[in-house]
Amino acid sequence: MNLRGPIVSVGEARTVSTSYGERDCREVRVRPDRGAGEPVDVTLWGKWTETAEHAETGMELLVTETEEDEYRGEVGYATTDESWVVLEPDFLVDVTGIRSWVQCPRMYYLNKLSGIPLNYPVVKGTIVHEVFGDLLRGVDLEASIADRVDEAGLELGLLGYEREEVEDEVRRNAAAVEGWLAQGTLSDEDTWRSEFTLISPTFGLKGRADALRRGTPVELKTGKNTKREPRFHDKVQAACYALMLDERGVDPDIGTLLYTKNTALDRNEESGDLAPAKEFTVGRGFLEFVVRERNALAAMEWRALNDPGERPTVPTGYEADATCSYCFEQDACMVVSGRLDQESKAGQIGTPVPDEERDYFDRFYTAIEEERRETHAEYRKLWEQTPEERAADDRALIGLEPAGQTEIDDARWELRARKPGDAVSKLREGDVALASDGDPVSGHAELGRIVELGGDEVVVEADEPVELRRLDVYPSEISVDRSLTALHDAVLKGNEARKDVLFGRREPAFRDPADRSTGSPGPADPDAPEAYIDNNDAQNEAVELAVDAEDCALIHGPPGTGKTYTIARTIRALVAEGNRVLLSAFTNRAVDNALEALRDQGFDDVLRVGTETGVRDDMRDVRLVQRGDPNAKAAELRDAPVVAATTAACGSRVLRECEFDVALVDEASQLTEPGTHAAINRADRFVLVGDHEQLPPVVRAENDLSTSLFERLIDAYPEASVMLDRQYRMSQRIQAFASAEFYDGALRPATPEVAGQTLADLGVDPDALAPELTGGVGFVDPAGERDGNRNVREAERVAAVVDAYVAAGVDPDDIGVIAPFRAQVAEIGRRTDVTVDTVDRFQGSSKEVIVVSLVATGDLDGPIFEDHRRVNVALTRAKKQLTIVGDADALGFDPFYARLLEWARR
Ligand SMILES: Nc1ncnc2c1ncn2[C@@H]1O[C@H](COP(=O)(O)OP(=O)(O)OP(=O)(O)O)[C@@H](O)[C@H]1O
């Protein structure tokens, strides 16, 4: 029987005489059934007492295959020979994390903080792994090498490598592996699979095995090992995969390590075992050791968040016994110790950061780790929720019917499936998702990219074929990982002058406008135009502030006030002064919009960094293709005066290598502080553009991450900011409520035409419509019942309203519908062809006519109601007509919504 629940208390270690001799044991009291049951004791025997040493009250404990025993008259439980003891099973440790933890726990933390930088061994290792995968899929060695080296062109170029030398080296690494595969090892009985994504609910592990051979794990190592045995930490890694396979009912008794630099052809080697493949027996004792190490790691991570006594950052004092001077990470280790003022075995370099920076580091480190827990909770839903629950939660498309698997280029597969017509989810084209045969955890699952997601069909590209029956949102830790790295770079490696401003020790500085270069508006050049923008004072002031900023400038842009237009003008002005600019934003859409504005203003010398699916079609021509000649690719990136990428991409190892004079970040109010650092770390100065009265950062945990750096700085340094106050979108009547509620009444229409626009301008006769559907703003009360996150009657009414506008002559493309919940979006979507979406997806866009479905009855419960900023977004998308559909009685109870109602019905 399995026992699982929070630990109530941990007993003392004891040694008792048993029929097997002296044995150690330790009791742990848990509340089974995840805390629902009455506390029981479970005795951990033998080496599991080591795990008990790490256990603390409050941690979750799982003990499998226990037996009942009676001790001092009380029924308890005890471990058996088959038992596994797992601490904090919900904390999913990555296999590579365990590997470095076993090498040195401190290294595990350093890897988290400094990320994987761009260096040759890493890039070469990736290429060799890809070639290995290709070989397994039957691709010719030379063709694969040429292709994979070409694919890595940009990275190799940034590192200063030529194609031929890399091809040679990869060939030397891959040849032995190919030889080994060819030596009859690859017989008919050999069943191979490359790249296998594994998640383990029992052991709290996740990772991607390089390959499986007859169901046993094979790990590829780009290096040499002339000993008979695989290296210890390499075995640990393979053993983790063996454990995860074990959980699926496969019982792998061996693990294989392939050392790519071991080659029997290498005559220079005096002695040693030069065969690339080294097998080892995966014994029970070794697997238990791996689980105990994982438990120690999970316990340390738990204490960092839950034990107030423990400094919640990078612990020291747990370094491995090995000699630090042999460690690759020694320098990084010493710098972190020096900056955080920690005693550590390796020693310290540098001076400690001031207290306020240390506090900031600790606070954000903790906040990011909390966010990681929330991400793990998302993984958990993969096995805790039924497929139906996951579908209802919009996290999966289920009930897909496989409609074909075709092998396409690069030995990849195209998977097709028919999808039930009304299925909706968060999944979008371009997303990486978990494609499975129906069971993503214990069945066959592959990570794949969604290339098409139409009304009744879905197409996914993956490395291996899968019977596509279900597609799940795959929670990614990339964003938390990159946040930690950005935090590390900003605080421990960041420039002091920048930190003086970030930590309130100095006001941001601005240069004298007289110092602007010739050709720029201002006192320096009487022949230059008078202003950067001559028809909008606030916009002009914003450009001035940005070009004169010696530290930072903040541009506050309420809806429709020309943020994008101003950004484009600012970038041109910055480039004219000789600056290299990084243009970034939270979403791909905003990056492409800003580029479009820049190109509309006649500036084309831009480079867009992003994935093929992420970048909009009309920006493909300026997209940086990573594949190609290394030198040419590196030059393309290094020489571009303007590079544009999402803030997430700014944390990538390629962009972390780049430097800029100015980083301009749009949608900055939607970014966490570390998310903003990821972009601004790359530049000497920065300009943030956003509106903290619209959507806040997208985070799961509630902590310091939910306030943006933009908002914090605008409060701290109002004089470093400008608010754009003329809007080019909404009629006077529509903008009135938002202006009064969110912008102190300062928001005005930019021109009389903007202010006075009406439905009649669309050629519609207002008399053909019911009075509540005209007049700029209207309110409709269908009095339906909310059922979960939908209200069918309201959905029907919304569709009828849309039909009425279409009948009156409004082009369906000019109409948009906004609803707070995806369920309601789907409900309405079934009844109309116009664009229907959630608030979050509508931010940044607009339509002539907007219908908002509030789905409010009884209690005002839901994301749109809790956060007035979302309401602000919903109400400021319409240009000529905004029609709100909702329950007037429910809204009347809340003062804010009562004012809204009064305005809408006026
Ligand atoms: N100074 C200006 N003169 C003339 N037109 C302008 C000016 N500034 C902005 N516009 C126009 O106003 C419209 C809205 O501008 P823009 O798209 O830059 O707004 P935004 O603030 O980025 O919008 P959102 O709130 O959706 O982010 C565009 O059509 C743009 O060309």
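Remember, it's a predicted structure, so these values are computed and weren't measured experimentally.

A word on the overall build of the protein
Piece 1. A count of helical and extended segments in the protein gives 30 helices and 34 strands.
Piece 2. When its C-alpha atoms are laid out on the principal axes, the protein stretches across 90 × 70 × 60 Å.
Piece 3. Every one of the 906 residues in the protein was classed for burial, and the buried ones make up 47%.
Piece 4. Counting only contacts in the protein whose residues sit at least 6 apart along the sequence, the fraction spanning at least 24 positions is 69%.

Concerning the site of the ligand
Piece 1. For the ligand, the set of nearby residues contains 14 residues, the closest of which are Gly562, Lys563, Thr564, Tyr565 and Tyr728.
Piece 2. Here the element with the most residues in the shell around the ligand is helix H16 (residues 563–576); it accounts for three residues.
Piece 3. For the shell around the ligand, the residue count by class is four nonpolar, nine polar and one charged.

Some points on the pairing of strand E3 (residues 40–45)
Piece 1. Of the pairings in the sheet, the one linking strand E2 (residues 21–30) to E3 comprises six bridges and is antiparallel in character. Each residue of the ladder has a partner; that of Glu27, found in E3, is Thr43.
Piece 2. Note that E3 and strand E6 (residues 74–78) share two bridges and pair parallel. Directly across from Val42, in E6, lies its bridge partner Tyr77.

Focus: unusual backbone geometry
Piece 1. Here Glu88, not a glycine, exhibits a phi torsion of approximately 45 degrees, which is positive.
Piece 2. One can find Glu88 in the loop between strand E7 (85–87) and strand E8 (93–94).
Piece 3. Exposure remark for Glu88: the 23 C-beta atoms within 10 Å place this residue in the buried category.

Focus: the UniProt feature "domain: DNA2/NAM7 helicase helicase" (unreviewed entry) in the protein
Piece 1. Under the local residue numbering, the UniProt record ascribes the feature "domain: DNA2/NAM7 helicase helicase" (unreviewed entry) to residues 536–624 and 630–700.
Piece 2. Secondary structure across residues 536–624 comprises 44% helix and 15% strand; the distance between its end C-alpha atoms is 35 Å.
Piece 3. In this annotation, residues 630–700 is assigned 31% helix and 28% strand; the end-to-end C-alpha distance for the span is 40 Å.

What about the environment of Glu371?
Piece 1. Summarising the element assignment, Glu371 is placed in helix H11 (residues 355–384).
Piece 2. For the pair Glu371 and Asn703, spaced 332 residues apart in sequence, the C-alpha to C-alpha distance is 8.9 Å.
Piece 3. Residues in contact with Glu371, not counting those within four places in the same chain, are Val480, Val699, Arg700, Ala701 and Leu705.

Quick notes on the packing of helix H4 (residues 120–136) against helix H5 (residues 141–151)
Piece 1. Packing of H4 against H5 leaves a shortest axis separation of 9 Å and a crossing angle of 145 degrees. Seen along the crossing, H4 lies across H5 with a hand that is right-handed. Judged by residue contacts, Ile127, Glu130, Val131, Asp134 and Leu135 of H4 engage Leu141, Ser144, Ile145, Arg148 and Val149 from H5.

Here we look at H11
Given 3.6 residues per turn, any residue in an α-helix points the same way as the ones three and four places further on.
Piece 1. Given a rise of 1.5 Å per residue, 30 residues ought to cover 44 Å, and the 43 Å separating the end C-alpha atoms of H11 matches this to within 8%.
Piece 2. Every buried residue of H11 is listed here: Tyr360, Phe361, Phe364, Tyr365, Ala367, Ile368, Glu369, Glu371, Arg372 and Leu382.
Piece 3. On its buried face, H11 is in contact with strand E9 (192–200), helix H9 (284–306), strand E20 (470–473), helix H13 (478–492) and helix H20 (673–680).

So, the pairing of strand E30 (residues 777–780)
Piece 1. Here E30 shows a buried face lined by Val777 and Phe779 and a second buried face lined by Gly778 and Val780.
Piece 2. As defined by bridge partners, E30 adjoins strand E34 (residues 878–885) across four bridges and the pair is classed as parallel. Looking at the pairing, Gly778 lines up with Thr883 of E34.

A short note on the nonpolar core
Piece 1. Grouped together as the largest cluster of nonpolar side chains are 85 residues, with contacts concentrated most on Val28, Ala55, Leu61, Ile98, Cys240 and Tyr241.
Piece 2. Tallying contributions element by element places helix H8 (residues 232–247) first for this core, with nine residues.
Piece 3. Setting aside anything within four residues of it in sequence, one finds Ala55 in contact with Ile7, Val10, Val28, Leu61, Leu87 and Ala299.
Piece 4. Core analysis: the second largest hydrophobic core is formed by 81 residues, Ala490, Ala594, Ala668 and Ala679 among them.

Section: the environment of Val662
Piece 1. Inspection of the secondary structure puts Val662 in strand E25 (residues 660–666).
Piece 2. In this structure, the C-alpha to C-alpha distance between Val662 and Ala808, residues 146 residues apart in sequence, is 49 Å.
Piece 3. Contacts of Val662, omitting those with residues within four sequence positions, involve Leu574, Asn579, Val581, Ala683, Arg685, Phe686 and Val687.

A few points about the sheet that holds strand E33 (residues 847–853)
Piece 1. Judged by pairing direction, the sheet is parallel, and its five strands sit side by side in the order E30-E34-E33-E31-E32 without closing on themselves. With partners counted over all chains shown, the strands left at the sheet margins are E30 and strand E32 (835–837), one partner each. Ignoring which end each strand starts from, the neighbouring axes of this sheet average 20 degrees apart.
Piece 2. Judged from the six bridges that link them, E33 and E34 form a sheet pairing that is parallel. When the sheet's bridge partners are listed, Val851 is paired in E34 with Thr883.
Piece 3. Along the sheet face, helix H25 (residues 822–829) touches strand E31 (815–818), E32 and E33 and points at about 160 degrees away from the line of E32.

Looking at the sheet that holds strand E23 (residues 606–608)
Piece 1. Read from one edge to the other, the open sheet built from seven strands follows the order E23-E24-E22-E25-E26-E21-E27, with strand pairing classed as parallel. The open sheet has two edge strands with one neighbour each: E23 and strand E27 (721–723). Looking at each pair of strands side by side, their axes are set apart by 20 degrees on average, direction ignored.
Piece 2. Examined bridge by bridge, E25 and strand E26 (residues 683–690) share five bridges and lie parallel to one another. Residue Phe660 lies in a different strand from E26, and its bridge partner there is Ala683.
Piece 3. Against the sheet, H20 contacts strand E22 (581–585), E25 and E26, and its axis sits at roughly 145 degrees relative to E25.
Piece 4. Those strands touched by helix H21 (residues 709–716) are strand E21 (552–556), E26 and E27, and its axis lies near 100 degrees from that of E21.

Some points on helix H22 (residues 732–742)
Piece 1. Residues of H22 that are buried: Ile734, Gln735, Phe737, Ala738, Ser739 and Phe742.
Piece 2. Packing partners of the buried residues in H22 comprise strand E28 (726–727), strand E29 (748–749), E30, helix H28 (868–875), E34 and helix H30 (895–905).
Piece 3. Backbone geometry just downstream of H22 places Asp744 in the positive-phi region, at approximately 50 degrees.

Some details on the environment of Pro352
Piece 1. Within the secondary structure, Pro352 is located in the loop between helix H10 (330–340) and H11.
Piece 2. Classification of Pro352 as partly exposed rests on a count of 14 C-beta atoms within 10 Å.
Piece 3. Sequence separation between Pro352 and Gly448 is 96 residues, and the spatial gap between their C-alpha atoms is 44 Å.
Piece 4. Look past the residues within four positions of Pro352 in its chain and what remains in contact with it is Gly338, Arg339, Leu340 and Asp341.

Topic: the packing of helix H2 (residues 95–103) against H8
Piece 1. With their axes 9 Å apart at the nearest point, H2 and H8 run at an angle of 145 degrees to one another. Note that H2 runs across H8; the crossing there is right-handed. Counted together, Val95, Ile98, Arg99, Val102 and Gln103 of H2 and His233, Val236, Gln237, Cys240 and Tyr241 of H8 form the full contact between these two elements.
Piece 2. A per-class count over the contact of H2 with H8 returns six nonpolar, three polar and one charged.

Each value, and the rule that gives it
- Residues numbered from 1 in each chain as written.
- Predicted model: local features only at pLDDT ≥ 70, side-chain atom pairs only at ≥ 80, totals over all residues.
- Helix = DSSP H or I, 4+ residues; strand = E, 2+ residues; numbered from the N terminus.
- Buried ≥ 20, exposed ≤ 12 C-beta atoms within 10 Å, placed from the backbone.
- Contact = placed C-beta atoms within 7 Å.
- Near = placed C-beta within 6 Å.
- Nonpolar A, V, L, I, M, F, W, Y, C, P; charged D, E, K, R; others polar.
- Pairing = 2+ DSSP bridges.
- UniProt positions renumbered as here; feature names shortened; annotations may be inferred.
- Axes fitted to C-alpha atoms, helices over the stretch in contact; angles between N-to-C directions.
- Left-handed = near helix turned anticlockwise from the far one by under 90°.
- Expected span 1.5 Å × (residues − 1).
- Core = buried A, V, L, I, M, F, W, Y, C linked by C-beta atoms within 7 Å.

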